[in-house]
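Structure at a glance
Residue strings, one per chain:
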Amino acid sequence: MAKIEVNGAQLAYDEAGSGSPVVLLHAGIADRRMWRGQVPALAARHRVIAVDLRGYGDSELPPAPFAHHDDVIGLLDALGVPQAALVGCSFGGKVAVDTALAYPERVAALALFGAPVSGNEWSEETEQLWEELVGDVDPEDFAATAAGEVRFWVVGPTREPADVDPELIRFAEEMDRRALAAEQALSAVDAGELDPPAIDRLAELRMPVLAGAGADDLADIRRLADRIAAEAPKGVRLPDVPDAAHLLPLERPEPVNTALLDFLP
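Residues numbered from 1 in each chain as written. Predicted model: local features only at pLDDT ≥ 70, side-chain atom pairs only at ≥ 80, totals over all residues. Heavy atoms only, no water.

Here we come to the pairing of strand 6 (residues 107–113). Among the seven residues of strand 6, six are classified as buried, and the element is accordingly described as predominantly covered. Pairing of strand 5 (residues 84–89) with strand 6 involves six bridges; the strand directions are parallel. Opposite V87, over in strand 6, you have A111 as the bridge partner. Where strand 6 meets strand 7 (residues 209–212), four bridges bridge the pair, whose relative direction is parallel. The residue of strand 7 that forms the bridge with F113 is G212. (Buried < 20%, exposed > 50% of the residue type's maximum accessible area, 1.4 Å probe, protein only. Helix = DSSP H or I, 4+ residues; strand = E, 2+ residues; numbered from the N terminus. Pairing = 2+ DSSP bridges.)

Spelled out as structure tokens, the structure:
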């Protein structure tokens, strides 16, 4: 692990390999460790940078206003990288899209797995699924909340916990407990959002875009992958990966790595 100052915050990151730069942006229920299956595979051809977004993992959270997409560009500046491909999962995918819209000349390509998009609204179907699978959880109880979120996102609506590797569930819950503490702290800081948001601006994504999802992820997420690939001029839809839900790169690294190595410039 290394740390570097970005826009007044010390951000933690791991770096490996050489070649064209690739920045890995983690899910909101995780941290940079979720890319443990990608870093060595991609480092054979690329300079791979896996960062903890501000407030998450080992990165700091000063009280000053900030925006995650500004931090991504600040990281590139601090590392002397003029342009990079961005790979994002879940919330990291949202940040990647926002970065590409705010700073299009800095983003060579986008690879998105289970990515929401700023400005998107969840369907009533998803809201009902949350009530059925998780229900009311005390937000101050990080262990219970993490267990509920992992049931919803990592196991997914079409599987039972017994269908999923128990080590994956354990690791995801451990990451999510830390992420929940991060989100609680982030709620007290002024975090800027892309304006206007990305949902109606996908046609502005002029770089190559790969959109994928796990077959066991939410229908909303899979529909968003369809929409991103359809509306981005150079969009490609990766077929849904079987037996995988929201943390697709962590759960099924092999097909993700194959797709990335084929796609990344």
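Having seen it, we continue.
Attention now moves to the nonpolar core. V23, L110 and L205 are the most contacted members of the largest nonpolar core, which totals 48 residues. In terms of residue count, helix 3 (residues 91–102) provides more of this core than any other element does, six residues in total. In this view, L110 contacts L86, A96, V97, A100, L205, M207, P208, V209, L210 and F263; residues no more than four positions away in its chain are not counted. With 46 residues, the next largest nonpolar core counts F113, V164, F171 and A172 among its residues. (Core = buried A, V, L, I, M, F, W, Y, C linked by side-chain atoms within 4.5 Å. Contact = heavy atoms within 4.5 Å.)

Let us now look at the UniProt feature "domain: AB hydrolase-1" (unreviewed entry) in the protein. This chain's UniProt record puts "domain: AB hydrolase-1" (unreviewed entry) on residues 21–252. In residues 21–252, helix accounts for 38% and strand for 13%; the two terminal C-alpha atoms are 23 Å from one another. (UniProt positions renumbered as here; feature names shortened; annotations may be inferred.)

With respect to the helices, strands and loops of the structure, Y56 is situated in the loop between strand 4 (46–51) and helix 2 (68–78). The class for Y56 is buried, based on a relative accessible area of 3%. Each C-alpha atom of the pair Y56 and D262 lies 30 Å from the other, and the pair is 206 residues apart in sequence. For Y56, the contacting residues outside a window of four places in its chain are H26, G28, A30, H68, F91, A179, A182, E183 and L186.

All right, on to the sheet that holds strand 7 then. Taken in spatial order, the eight strands line up as 1-2-4-3-5-6-7-8 in an open sheet, and their pairing is mixed. Both edges of this open sheet fall to strand 1 (2–6) and strand 8 (235–237), since each of them pairs with a single strand only. Averaged over all pairs of adjacent strands, the angle between their axes in this sheet comes to 25°, without regard to strand direction. In this sheet, strand 4 lies alongside strand 3 (residues 20–25) in parallel orientation, the contact comprising six bridges. (Axes fitted to C-alpha atoms, helices over the stretch in contact; angles between N-to-C directions.)

Omega for the bond connecting D195 with P196 falls within 30 degrees of zero, at -5°, which places this linkage in the cis form. Along the chain, P196 falls in the loop between helix 6 (166–186) and strand 7. In the Ramachandran plot, S90 falls in the positive-phi region, its phi being about 55° despite a non-glycine side chain. Checked against the element boundaries, S90 lands in the loop between strand 5 and helix 3. Residue classification places S90 among the buried positions, given a relative accessible area of 11%. Positioned with a positive phi, D243 is a non-glycine residue whose angle comes to about 50°. Within the fold, D243 resides in the loop between strand 8 and helix 8 (248–251).

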